[in-house]
Amino acid sequence: AVGDEHVLFVGKLLVNKGVDLLAAAWPLIHRERRATGAKSPRLLFVGFGAFEPGLRALVEALGRGDLDGAREVAERGREYEGADPQGLEILTRFLAEPPPGYADAARETAGSVLIGGRLEHDEVADVMPAADAFSMPSTFPEAFGMVPAESAACGVPPVSADHSGMREVARLLADAVDPDLASLLSFTVGPEAITELAQRLGGWLAVDPRRRREAGRALAARVDELWSWEGVARGVIAAAQGELDRLPRVDG
């Protein structure tokens, strides 16, 4: 039987960071992994932020199989952050017509989700390598996908939202792994976001552990090539010398 598996999120616990999408995707991932013999799949949120009460309420409702309670969290949405009530559109749509058996799958996740507090950067560096997959489901534009780059540097495959700076990071990381694994590095923020996120994270967990470790090493080498101090310096020198073919491609 497969041993414990861990999915990690590190960042602010805010609506904009898409933590509700990850929480809602977890029952789908958990059910699939338990069906394959995984003993104790776990999801860990590391961070703090104004939506933490909403995230806790959502996780608790799902752990009870209480979809009405989860829908109430989705309806209140940004009210948890001190703003006027504004529903969480993707979560609301997903819970309106959840997949068959979702309430039972959600109930089975009770005790498998941990919401930790803030960690210092060196503490995150100790936690991150212990994960099997990482998620950055931010729905808000990001200048750069720093956290997925950091998880890849630790040899942990990241799954990021396919937009803004996260798209740039995912596409550059994709060059380091086989095409079937490259397709697992990002998901679309849209009506099917929760299902897609579950498929991508579940896809990484389903990869043979040895192959996943090999992919992790390749991703770490790619990060070192592009974004270590030496890698950045090489890029600056190449740009200064007009050697643009030596620079990573940037898709428009």
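Let me begin by describing the structure that accompanies this report. (Residues numbered from 1 in each chain as written. Predicted model: local features only at pLDDT ≥ 70, side-chain atom pairs only at ≥ 80, totals over all residues. Heavy atoms only, no water.)

**Quick word on the packing of helix H4 (residues 89-96) against helix H10 (residues 193-206)**
Working step 1: Two elements in contact, H4 and H10, have axes whose closest approach is 9 Å; the angle formed by their N-to-C orientations is 85°. For the element pair H4 / H10, the angle class is roughly perpendicular. Counting all contacts with H4, which are made through Ile90, Leu91 and Phe94, the residues of H10 involved are Ala193, Ile194 and Thr195.
Working step 2: Looking at the contact of H4 with H10 residue by residue, the classes come out as 5 nonpolar, 1 polar and no charged. (Axes fitted to C-alpha atoms, helices over the stretch in contact; angles between N-to-C directions. Helix = DSSP H or I, 4+ residues; strand = E, 2+ residues; numbered from the N terminus. Parallel < 35°, antiparallel > 145°, perpendicular 65-115°, else oblique. Contact = heavy atoms within 4.5 Å. Nonpolar A, V, L, I, M, F, W, Y, C, P; charged D, E, K, R; others polar.)

**Section: the nonpolar core**
Working step 1: Grouped together as the largest cluster of nonpolar side chains are 71 residues, with contacts concentrated most on Phe45, Leu55 and Trp204.
Working step 2: At 9 residues, the largest contribution of residues to this core is made by helix H1 (residues 19-35).
Working step 3: When residues no more than four places from it in sequence are discounted, the contact partners of Leu55 are Leu13, Val19, Ala23, Phe45 and Ile115. (Core = buried A, V, L, I, M, F, W, Y, C linked by side-chain atoms within 4.5 Å. Buried < 20%, exposed > 50% of the residue type's maximum accessible area, 1.4 Å probe, protein only.)

**Structural notes on the pattern of salt bridges**
Working step 1: Summed over the entire model, instances satisfying the criterion amount to 16 salt bridges.
Working step 2: Across the salt bridge formed by Arg56 and Glu52, the nearest N and O atoms sit 2.9 Å from each other. Taken together, the positions of Arg56 and Glu52, both in helix H2 (residues 52-63) and 4 residues apart, correspond to about one turn of that helix.
Working step 3: A relative accessible area of 33% means that Arg56 is categorised as partly exposed.
Working step 4: Across the pair Arg76 and Glu79 runs a salt bridge whose closest N-O atoms are separated by 3.5 Å.
Working step 5: Judged by relative accessible area, which is 28%, Arg76 ranks as partly exposed.
Working step 6: Judged by its relative accessible area of 31%, Glu79 is partly exposed.
Working step 7: Through salt bridges with shared partners, a single network forms among Asp175, Arg222 and Glu225. (Salt bridge = Lys/Arg side-chain N within 4 Å of Asp/Glu carboxyl O.)

**What to know about the side chain of Arg222**
Working step 1: The topology assignment puts Arg222 in helix H11 (residues 209-227).
Working step 2: Not counting residues up to four positions away in its chain, the partners in contact with Arg222 are Leu172, Leu173, Asp175 and Ala176.

**Some thoughts on the sheet that holds strand E2 (residues 41-46)**
Working step 1: Read from one edge to the other, the open sheet built from 6 strands follows the order E3-E2-E1-E4-E5-E6, with strand pairing classed as parallel. Only two strands of the sheet have a single partner each, and these edge strands are strand E3 (113-115) and strand E6 (186-187).
Working step 2: Sheet analysis places strand E5 (residues 158-161) next to E6, joined by 2 bridges and oriented parallel. Following the sheet pairing, Ser160 is matched in E6 by Ser186.
Working step 3: Along the sheet face, H10 touches strand E1 (5-10), strand E4 (133-136), E5 and E6 and points at about 155° away from the line of E4. (Pairing = 2+ DSSP bridges.)

**Details of the packing of helix H3 (residues 67-76) against H4**
Working step 1: Direction vectors running N to C along H3 and H4 enclose 155°, while the axes themselves pass 8 Å from each other. Put simply, H3 runs roughly antiparallel to H4. Of the two possible hands of crossing, H3 and H4 adopt the one that is left-handed. Residues Ala70, Arg71 and Ala74 of H3 lie in contact with H4, whose contacting residues are Leu91, Thr92, Leu95 and Ala96. (Left-handed = near helix turned anticlockwise from the far one by under 90°.)

**Thoughts on unusual backbone geometry**
Working step 1: Of note in this structure, Ser164 is not a glycine but carries a positive phi near 50°.
Working step 2: Position of Ser164 relative to the elements: it lies in helix H8 (residues 164-174).
Working step 3: Relative accessible area serves as the criterion here: at 31%, Ser164 is assigned to the partly exposed category.

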